[in-house]
2 protein chains.
Amino acid sequence: MATLNDIAVAAAINILSAFAFFVAFAILRIQPVNDRVYFPKWYLKGLRCSPLRTGALSKFVNLDFRSYLKFLNWMHAALQMPEPELIDHAGLDSVVYLRIYLTGLKIFVPITFLAFAITVPVNWTNHMLKHSNLTYSNIDKLSISNIPLGSRRFWTHLVMAYVFTFWTCYVLKREYEIIASMRLHFLASEQRRPDQFTVLVRNVPPDPDESVGQLVEHFFMVNHPDHYLTYQVVFNANTLSKLMDEKKKLQNWLDYYQLKYSRNKSTRPLKKKGTFGLWGKKVDAIELYTLKIEEISRQILLEREKIMSSNNYIMPAAFVSFKMRWGAAVCAQTQQTRNPTVWLTEWAPEPRDIYWTNLAIPYVSLSIRRLIIAVAFFFLTFFFMIPIALVQSLANIEGIEKALPFLKPIIEMKGIKSLIQGFLPGIALKIFLVFLPSILMLMSKFEGFISTSALERRSATRYYFFQFINVFLGSIITGTAFQQLDNFIHQSANEIPKTIGVSIPMKATFFITYIMVDGWAGVAAEILRLKPLIMYHLKNFFLVKTQKDREEAMDPGTLGFNTGEPQIQLYFLLGLVYALVSPILLPFILVFFALAYVVYRHQIINVYNQEYESAAAFWPDVHARIVTALIVSQLLLMGLLSTKEAAQSTPLLITLPVLTIWFHLFCKGRYEPAFRRYPLQEAMMKDTLERAREPNLNLKGFLQSAYIHPVFKAEDESVSDSPLEESERTPDLVPTKRSKRSDSFSSSAHLISHGE
Amino acid sequence: MATLNDIAVAAAINILSAFAFFVAFAILRIQPVNDRVYFPKWYLKGLRCSPLRTGALSKFVNLDFRSYLKFLNWMHAALQMPEPELIDHAGLDSVVYLRIYLTGLKIFVPITFLAFAITVPVNWTNHMLKHSNLTYSNIDKLSISNIPLGSRRFWTHLVMAYVFTFWTCYVLKREYEIIASMRLHFLASEQRRPDQFTVLVRNVPPDPDESVGQLVEHFFMVNHPDHYLTYQVVFNANTLSKLMDEKKKLQNWLDYYQLKYSRNKSTRPLKKKGTFGLWGKKVDAIELYTLKIEEISRQILLEREKIMSSNNYIMPAAFVSFKMRWGAAVCAQTQQTRNPTVWLTEWAPEPRDIYWTNLAIPYVSLSIRRLIIAVAFFFLTFFFMIPIALVQSLANIEGIEKALPFLKPIIEMKGIKSLIQGFLPGIALKIFLVFLPSILMLMSKFEGFISTSALERRSATRYYFFQFINVFLGSIITGTAFQQLDNFIHQSANEIPKTIGVSIPMKATFFITYIMVDGWAGVAAEILRLKPLIMYHLKNFFLVKTQKDREEAMDPGTLGFNTGEPQIQLYFLLGLVYALVSPILLPFILVFFALAYVVYRHQIINVYNQEYESAAAFWPDVHARIVTALIVSQLLLMGLLSTKEAAQSTPLLITLPVLTIWFHLFCKGRYEPAFRRYPLQEAMMKDTLERAREPNLNLKGFLQSAYIHPVFKAEDESVSDSPLEESERTPDLVPTKRSKRSDSFSSSAHLISHGE
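- As recorded by UniProt, the Subcellular location (unreviewed entry) comment attached to chain A reads in full: "Membrane".
- In its Sequence similarities (unreviewed entry) section, the UniProt record describing chain A reads: "Belongs to the CSC1 (TC 1.A.17) family."

Let's talk about the interface of chain A and chain B
Move 1: In this complex, chain A contributes 50 residues to the contact, which on the side of chain B involves 50 residues.
Move 2: Where chain A abuts chain B, roughly 4,200 Å² becomes buried across the two surfaces, and 59% of that area is made up of carbon and sulfur atoms.
Move 3: For chain A, the biggest contributors to the area lost against chain B are A:Gln335, A:Arg338 and A:Trp662; these three give 17% of the whole.
Move 4: If you look at where chain A meets chain B, you find zero salt bridges.
Move 5: For the side of chain A that touches chain B, the secondary structure elements donating two or more residues are helix H9 (154–189), helix H11 (212–223), helix H14 (325–333), helix H15 (363–383), helix H21 (481–490), helix H29 (650–671) and helix H31 (680–693) of chain A.
Move 6: When residues in the side of chain A that touches chain B are grouped by element, the largest group, seven residues, is from H29(A).
Move 7: Of the residues contributing to the side of chain A that touches chain B, the split by class is 26 nonpolar, 19 polar and five charged.

Examining the relation of the copies chain A and chain B
Move 1: Between chain A and chain B, which share one sequence, the superposing operator has a rotation angle of 180° and an axial displacement of 0.0 Å; the RMSD is 0.2 Å. A rotation of that kind, with that shift, is consistent with a two-fold axis. Identified as the residue of chain A closest to the rotation axis by C-alpha distance is A:Ser492, at 1.8 Å.
Move 2: Mapped onto chain B, 100% of the interface residues of chain A again fall at the interface, so both copies present the same surface.

A closer look at the packing of helix H22 (residues 495–503) of chain A against helix H28 (residues 619–643) of chain A
Residue and element names in this part refer to chain A.
Move 1: The N-to-C vectors of H22 and H28 enclose an angle of 85°; their axes lie 7 Å apart at closest approach. By the angle between their directions, the pair H22 and H28 is classed as roughly perpendicular. Every residue of H28 that contacts H22 at Pro497, Lys498, Ile500, Gly501 and Val502 is listed here: Leu635, Leu636, Gly639, Leu640, Ser642 and Thr643.
Move 2: When the residues that make up the contact of H22 with H28 are grouped by side-chain class, the tally is six nonpolar, four polar and one charged.

Some words on the pattern of salt bridges
Move 1: Scanning the model with the defined rule gives 28 salt bridges over all chains in all.
Move 2: Ionic contacts of the salt-bridge type, sharing partners, join the residues A:Glu83, A:Arg99, A:Lys106 and A:Glu175 into one network.

Side note on the packing of aromatic side chains
Residue and element names in this part refer to chain A.
Move 1: In this structure the tally under the stated criterion is 74 aromatic pairs over all chains.
Move 2: A ring pair is formed by phenylalanine 219 and tryptophan 343, whose centres lie 3.9 Å apart and whose planes are at 10°; its orientation type is stacked. In this pair, phenylalanine 219 sits in helix H11 while tryptophan 343 sits in the loop between H14 and strand S6 (344–347), placing the two residues 124 residues apart along the sequence. You'll find phenylalanine 219 and tryptophan 343 in the same group, each marked buried.
Move 3: Pairing phenylalanine 319 with tryptophan 356 gives two aromatic rings, centres 5.9 Å apart and planes at 65°, and the pair type is edge-to-face. Taken together, the residues phenylalanine 319 in strand S5 (residues 314–322) and tryptophan 356 in the loop between S6 and H15 connect sequence positions 37 residues apart.
Move 4: We classify phenylalanine 319 as buried; its relative accessible area is 1%.
Move 5: Classification of tryptophan 356 as buried rests on a relative accessible area of 11%.

Details of a nonpolar patch on the surface
Move 1: The grouping of A:Val375, A:Phe378, A:Phe379, B:Ile654 and B:Val658 at the surface amounts to a nonpolar patch, some 390 Å² of accessible area in total.
Move 2: When residues of the nonpolar patch are assigned to their parent elements, the largest contribution, three residues, is made by H15(A).
Move 3: Mapped onto the elements of the fold, A:Val375 is located in helix H15.
Move 4: The class of A:Val375 is partly exposed, set by a relative accessible area of 33%.

Considerations on the pairing of strand S1 (residues 198–202) of chain B
Residue and element names in this part refer to chain B.
Move 1: Within S1, five of the five residues are buried, leaving the element largely enclosed by the surrounding structure.
Move 2: Burial of S1 is two-sided: the residues Thr198, Leu200 and Arg202 facing one way and the residues Val199 and Val201 facing the other way are all buried.
Move 3: As paired elements, S1 and strand S6 (residues 344–347) share four bridges and run antiparallel to each other. Bridge assignment links arginine 202 to a residue of S6, and that residue is leucine 344.

Notes on the nonpolar core
Move 1: With 280 residues, the main nonpolar core has A:Tyr101, A:Phe472, A:Phe593, B:Tyr101, B:Phe472 and B:Phe593 as its most contacted residues.
Move 2: In terms of residue count, the dominant contributor to this core is helix H6 (residues 83–124) of chain A (17 residues).

Things to note about the packing of helix H20 (residues 452–476) of chain A against helix H26 (residues 561–581) of chain A
Helix-helix packing is characterised by the crossing angle of the two axes and by the distance between the axes.
Residue and element names in this part refer to chain A.
Move 1: Packing of H20 against H26 leaves a shortest axis separation of 8 Å and a crossing angle of 40°. Judged on the interaxial angle alone, H26 and H20 are oblique. Taken as a pair, H20 and H26 cross one another with a handedness that is right-handed. Here H20 contributes Glu456, Arg457, Ser459, Ala460, Tyr463, Tyr464, Gln467, Phe468, Val471 and Phe472 to the contact with H26, which in turn contributes Phe561, Asn562, Thr563, Glu565, Pro566, Gln567, Gln569, Leu570, Leu573, Leu574 and Val577.
Move 2: When the residues that make up the contact of H20 with H26 are grouped by side-chain class, the tally is twelve nonpolar, six polar and three charged.

What to know about the sheet that holds strand S2 (residues 228–235) of chain B
Residue and element names in this part refer to chain B.
Move 1: Taken in spatial order, the four strands of this open sheet run S2-S5-S1-S6, and their pairing is antiparallel. Taken across any chain shown, the strands that pair with only one partner, and hence form the sheet edges, are S2 and S6. Sheet twist, expressed as the mean angle between neighbouring strand axes with direction ignored, is 30°.

Looking at the sheet that holds strand S2 (residues 228–235) of chain A
Residues and elements named next belong to chain A.
Move 1: Pairing is antiparallel across the open sheet formed by four strands, whose spatial order is S2-S5-S1-S6. Both edges of this open sheet fall to S2 and S6, since each of them pairs with a single strand only. Within this sheet the neighbouring strands show an average axis-to-axis angle of 30°, counted without direction.
Move 2: Relative to S5, S2 runs antiparallel, the two sharing seven bridges.

Digging into the pairing of strand S1 (residues 198–202) of chain A
Move 1: As paired elements, S1(A) and S5(A) share four bridges and run antiparallel to each other. Bridge pairing in S5(A) links A:Val199 to A:Val320.

With respect to the environment of B:Asn203
All names here are of chain B.
Move 1: Tracing the sequence through the fold places asparagine 203 in the loop between S1 and helix H11 (212–223).
Move 2: In this structure, the C-alpha to C-alpha distance between asparagine 203 and tryptophan 343, residues 140 residues apart in sequence, is 5.5 Å.
Move 3: Contact partners of asparagine 203, with chain neighbours within four places excluded, come to Pro316, Thr341, Val342, Trp343, Leu344, Ile361, Pro362 and Tyr363.

About the cut-offs
Residues numbered from 1 in each chain as written. Chains lettered and ligands numbered in written order. Predicted model: local features only at pLDDT ≥ 70, side-chain atom pairs only at ≥ 80, totals over all residues. Heavy atoms only, no water. UniProt positions renumbered as here; feature names shortened; annotations may be inferred. Contact = heavy atoms within 4.5 Å. Buried area = accessible area lost by both parts, 1.4 Å probe. Salt bridge = Lys/Arg side-chain N within 4 Å of Asp/Glu carboxyl O. Helix = DSSP H or I, 4+ residues; strand = E, 2+ residues; numbered from the N terminus. Nonpolar A, V, L, I, M, F, W, Y, C, P; charged D, E, K, R; others polar. Least-squares fit on C-alpha atoms with pLDDT ≥ 70 in both. Axes fitted to C-alpha atoms, helices over the stretch in contact; angles between N-to-C directions. Parallel < 35°, antiparallel > 145°, perpendicular 65-115°, else oblique. Phe/Tyr/Trp six-rings, centres within 6.5 Å; stacked < 30°, edge-to-face > 60°. Buried < 20%, exposed > 50% of the residue type's maximum accessible area, 1.4 Å probe, protein only. Patch = residues over 30% accessible without salt bridge, like charges linked within 9 Å, V, L, I, M, F, W, Y side chains within 5 Å. Areas by Shrake-Rupley, 256 points an atom, 1.4 Å probe, with all protein chains shown as cover. Pairing = 2+ DSSP bridges. Core = buried A, V, L, I, M, F, W, Y, C linked by side-chain atoms within 4.5 Å. Left-handed = near helix turned anticlockwise from the far one by under 90°.

Below is the structure:
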């Protein structure tokens, strides 16, 4: 058991390291040379093209010493931007994501206060531990362990359990309410967007006489006669996509050599013809690449023609647009035909949110995939230790010596041997954990979700479950998940909460350390962006040939809902579980939430690139997980108290989860529809308003090419080669531009992007 | 342990008693005096007004002896009517209900065949029981108990488990498919019905400026401008309803005395004025009742005016009708406003299916009611023995002697004492079990379902759960449900299937007896209709005063989905559980399904009154429960085999429930929407067809008064006093009548019903 002293030391170390990160960040961020690492968002938005030079002398190093003095005012700046502006700047998703941290603060600040005002003194003024022969520390004196068996003082904890539950539910309900209305307001006040008018139709049944396009047109003309406007079929453009990538690469090389030549007109750049330019005859590089590009352009044109002319490339899915939002809302919410597995309609995700490869999976395949992934995820969660243990047993010293006998003398050296012994077993696990989010993402992709936002939501759910089993339970009851599973199967339903509940107070110090390392230091490291920083400078030094390359070396990253949210949820879980057991944990969680709020607010403003906008569609998941944490905390308290001979409290404690589940169902019914459906009244209001304002709007023109496969966009990009960033990122600007522009690829006029 | 002999004797007794019921039925049904007991359906349909006299001599007793010889040909007759005609005659609900029995036959005939061809020989040719010291019978030699521990023969059972599961799933899938298409065909080929065009709107938010009616009109005019047609508000007519009932009673007495007077013109009938006509001055009965009716009519008129004029009687709910089925389909499937708890729309149930009192429950109240009922049902299921045991302990001999000492000498007589001792403890339980369906129905009503069909579906679910816990599990592991619950909480997850699984083979003979008594004899008793028979003749003798009274004494009863379906499901459960363990049970279940099919087909054709038509909306429930039974059987087999040292089979057995759950989810996604939503294509097809056929249809006239509270209908009925049953029962005839009519209550133009 750690003493208060140990904790203080650990805290000091972590605070210092966090502080060090902040100082490093404060210094690095004001160097012009790092500008693209710490402010990529502004570059992406097109609001900044080169580092701001506020009186700095050098292009690379900031020599203005006054700016070093105000090294923490990024915090202030991060908190300055008001919420509406932030929504405008970074989207509703980011703002609501920040509200998760705020929710944490709202829940835990009063709980911490109450716990320290009431529970801690009640715990402290006992002598249970003193009289026992156990070793104990002052920290344990603050926890529930210090109360004697069957004491009447447990009534305090019982009452507090009710108070905490009601407070948490109250905050959750208010947040749900606010966020639902934020979402609806956001959707309502938005400018015209193609996805408001468009529905994605999947599983169009095959027809011997008509093509998919004709079929779609006829079907919707008949069944939505007053509202149907136009459609877009979905092409299978994987080959084209590959060709485009190659062309882009070649184009980039061409640019590089042209740049080189323009700087030094005396010698035309030469290049060897063989693989990677390592051997073969030297030829004129510019000519070579011009030729190559021409050739690949021909191929692209061929492939494009093939896609356009052959029906084999058309997938049985289409984007159907309506004359009014009302029509789209109706179509997305209703069933179209007798057979509910064909003509599946749903809201079209934002164009940039679509995950194109999954658009054409038939219904039966989808449900088989779901089964496979469910089974696979079960094995991943409970049996992931088996392959790792296997690797570990193979990758020990004897194994290496056997496989590669010539290494034996080196390995047998004392220092190296101990290094390998300490290092090898861990590395397999570390690698697995690093790749886990990607594995989960792959699973979601295989499962067939059609938008990036849905993929991330599902991955987050799975990641949370994995963490719950392997981090939370795994730390409390040591042993692999599989051993736990085996234990739980062999234990009775009322033993399980007891087993876990009893171990909880003992693990408080472990989790405090965990919060400091993973939470505090982790968040502080996030702001330093060490990996992107190093990668950017490496790329800049070795690879960057053109301005475009530099753009691409920037790597702003995204919010990463699929990894970030489950991490926060773990803190909610720890906070709620320990609020009654060892309140000493709470301040550490509070610091985490506050720190993370500031840091992520800064990152969202200055760094992260917004990949999509789902208008906070993830909130029901967040809400459900906090409620789950609440229920887990109640069950564990029940288990703990039943071992404390406070059995008379059981009936009172059982009502808590029942009420909480009911609360969840109530909230689900009351608020979830706002995140899943689109009310007709809202649609009608916007429609009416729009018709009054712009009676002559050419909606068909606006919608015609909104949903085109990104490769067709990329094509335009490389050809037109003009800086159109803004138009892509703010689709609401597109229509006005479009009316003025008539360009070569008029079929995909909307898809121009930000190549330069 | 019962021997084969015992079973044979029991079977003989039950077969004989069933046979006796059939003979009695065959004799009673052809007596003209019983015609209204055994053929009420034909009277209700208006196809029969007096007993058919096929050469019979007497009005009361059938003296045609030839008809006694063909005493079993009702069975043949019952099977004769083809399915489409039966749908026409008794509705789709009844036909699909019969298909549950057919499904049972389809599942169990091949399973029985396979079990007797393969599993039984495998079980029989062992000597496990011979070598053990257990007492055993030949029946046990047929069961899995006869196979030695760890024998390789368990592979047979494993393979058969897969075969049975796949066969059951195959049959279930096909049935779901057929019934879904029957439902859609039924809905499509139906004649025009008001519910096709109408949506029920609940939780209309209060508005200070507008009445509910205006509000509804405005809301739908704005948000469904192209399709909205008309609306009907819902009145709170409970007081009126009571007054109407009273008036009906008085009117009936008046009729009686007038009839009496018309038969015997010499003396005007007299009646005492006091309570129940027992004391007071004798007055002229006809005058008395005429006066009373006049008074109550005045009251009714007053109440009716009050309802019409005051807004307090208008409930925040309305029936909104659309110009097209398409519009109604859209409105029912979409969300109307931001707040998902107001303006809730759903398909209007059939007018006769509506449960009026629940129409105005607000959302929050609904969700609280749901919580209360969930908790109450939990206690009902697991703790129902507590109050009964309490009653039993009070109602013992000592208790009675204490409470009523003067009875002591009588009670102490030997015969009476033993009678009371044998009788009293059971009676409380019996009374409870008789009232259980009504209690469950009350729970569903409290929960706030708005249609009778939904009430019955929910009650059936609860009844099934209750039977599963208290009959199935209760018989296998003796003890009250509460004791079981307690056991299960203290047992580990893998112990529970073992505990149950091990006891299963031992209970085979018990369940065989149960099937014969409850199933065979029960079904045979159903056809005799002993209670309605006696009640009818009693009423006829003592109470029937007028022709209308006789109509009302008829009591055809209904199919009783809420009690009947859970009973069938119990047989599915037993069949699936015992198919692998003791196949000897299967033939008994087959006989039950076959017998019940014939009997209920006869009853549906000749007896039961169809209360509502939900177009087989209950099938998803039926399907889900059979799947549940399948999963239970798989888990119990797993438990049983794991005690048989056949643990190597566990992984293979675990995949079975996983696959079955997946199958269920697949079917749910594939077929359930057909039972919950109404595809737009279908709606559009019917609309187009109708517009082409009847371009000048006055739809508003047709819909205007379709959804009127039944008291307003009853009013018309009792005033006009003409047998209007047919027009009531076939609402599709209404429009032609209505267009001719100019109504009396013009102030309530929307509320007029079809009285004339």
